[in-house]
Amino acid sequence: MMLTTTTRLNFLAVIFIKAICLFTASSRYLRTDNGVSANGGNPAVALVSPQNGAKIREELDEESFCIFYEQHAAVDANAAADNNTSPKDSTICTCELDNGSTFVLELPSDSPSCDELMKKNTLKSAVSRLQMKQGAYIDHKKQKIILSKGQPLGVDNCRGRPSDVFQQGKHSRSLAGNAIGSRTFLVVKIVAKDPNKGGASTFISQTEAQLSDRVFGTSGDLVNLKTQYEACSQGLYTVTPATVGNPKTDQYYIQNGVVTVEVDTNVTQGRLANSNAAINKLKQMFNLGSQSPQNILANHFLFCMPPGTTTDGGSTKHMSIAMASTGGWQSWFRGDWCTYPSAQMHEIGHNYFLGHAAEGTAPYGDTAGAMGTSIGQHDSPKFCFNAAQRYDLGWYHPSGLVKVTSPPTGVLDINIIGFVQPFASGTTLIKIVNPLYTGTAYTNNMYLHLNAQKGPNAGTQEGGNKVTVVEKVESSAQGAATKLIGKLDASTAPVQIAGFFSENCVLTISVTRMQISTNTSAATVRVRNVCV
């Protein structure tokens, strides 16, 4: 391959930056004394439940660190009827220690808010590594890592994204990026105490076999996480139930992707207190020492929380129906929501950096796919993801993607087919790229596909058999939301976006032909740029 002078310089610059990052990581974090592991791990931290006189406050060594994660709370169609649930459209900032335990992150009072730091890309979910400063500690009662006032915020974003060399390790455990290939999944059924019932054990009613069937279809369940992710990706992505150990020879083992873990915490201590206790119990069961169980027992963990589990920080409110770490490996489900396919798809979507799907002023309003409102039903709905999210997941064939990167001269007609048809058999995805860049933020790009109402998408909740137009703000921030702005067929008015290619022009998107039959779905999309 011939490299131009500019290309050589860019290549050398990338190598130089990587070298600086690696050197910085080595000099700042890699130690073998004072309990710090040679791979940059935390000092040994005894994470104990704040009961029976156990430690509540735990000082953090200045050499320790955590990985920042933004967590999204899901909402269901009937959430308004549950007045005892924590805020429906909430985002929580958390930090994960190297041993896998996660805590709510409380920034100093003299620091900008977490939301502000995320908007500035100072904090990046699954990428930012925070070094503990003097006075930082864990409040086990509130399940918080509390950073001290007057200390600089030690943020290291030099760890790279999953495609980079650091992904395999030890610093960023992100699974984000294109969802291509096979991943292992573990469903953790947590058994905890309920002080409102005299300390009796409480857990979801489904057996391990029933949970395995509801998530992986091991006993014939027809609509679940595995069936939908594999069918919607047309085999580009595979969901594999975790299997660990041998039931004939090992005291502890995992079969068909489900394990039951009894913890000594209670449901009123909150979601993270119970899942952290379950992680610690799993590490004991499988002799993992101080290592995180992620990528050892499974790539993704789905925690089925007992009924009555509260949100974090000592609140009496119920946890949201489901939550997940953006770009992470953990997701949490309240009660039966662990068994509903729309919630499963939604939360694992967050693990791959997918944001919520909005329409109008409703942040979950786009129900054509799984990133809108979750639905509390078994075996339905059968749906996939919107066009922007399919693009981010990588669920298309390169030959089936049309990019419009400059204003069309006159009329540009593009023939597309329904995205449930074989990806390589025609155009299934259109991306219209906005060239305007202000230097501080990217403007919105447009994504289109024919939302064919058949096969794995037969239960799409809106825009069925129409060309859906979705806009997404393109930036380096993770988990950006999408917004549905058009559902087109040959009889509907076009979508018009002013100032897209230039200030005095209007981007017009319409459908001039629509063909829907039992075996095929096809349409012609017309793109014009009308200037004054």
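Keep in mind the model is a prediction, meaning the values are calculated, not measured. (Residues numbered from 1 in each chain as written. Predicted model: local features only at pLDDT ≥ 70, side-chain atom pairs only at ≥ 80, totals over all residues. Heavy atoms only, no water.)

Caption draft 1: Here's a closer look at the pairing of strand E13 (residues 300-305). With respect to burial, E13 is a largely interior element, six of its six residues being buried. Every second residue of E13 is oriented toward a common face, with His-300, Leu-302 and Cys-304 on one face and Phe-301, Phe-303 and Met-305 on the other, all of them buried. Direction of pairing for strand E9 (residues 181-194) relative to E13: parallel, over a ladder of five bridges. By the bridge assignment, Lys-189 is partnered in E13 with Cys-304. Summarising the sheet, E13 and strand E15 (residues 330-334) pair through five bridges and their orientation is parallel. The residue bridging Phe-301 from the neighbouring strand is Gln-330, located in E15. (Buried < 20%, exposed > 50% of the residue type's maximum accessible area, 1.4 Å probe, protein only. Helix = DSSP H or I, 4+ residues; strand = E, 2+ residues; numbered from the N terminus. Pairing = 2+ DSSP bridges.)

Caption draft 2: View of the environment of Pro-112. Its location among the elements puts Pro-112 in the loop between strand E4 (102-106) and helix H2 (114-119). For Pro-112, the residues in contact, after removing those within four places along its chain, are Leu-107 and Leu-117. (Contact = heavy atoms within 4.5 Å.)

Caption draft 3: Up close: the sheet that holds strand E21 (residues 467-473). Taken together, the six strands give an open sheet; going across it, the order is E16-E22-E21-E20-E19-E17, and neighbouring strands pair in mixed fashion. Since the sheet does not close on itself, it has two edges, and those belong to strand E16 (357-359) and strand E17 (401-404), each with one partner. This sheet shows a mean twist of 30° between the axes of neighbouring strands, independent of strand direction. Where E16 meets strand E22 (residues 482-488), three bridges bridge the pair, whose relative direction is parallel. Note that in E22 the partner of Glu-359 across the bridge is Leu-484. (Axes fitted to C-alpha atoms, helices over the stretch in contact; angles between N-to-C directions.)

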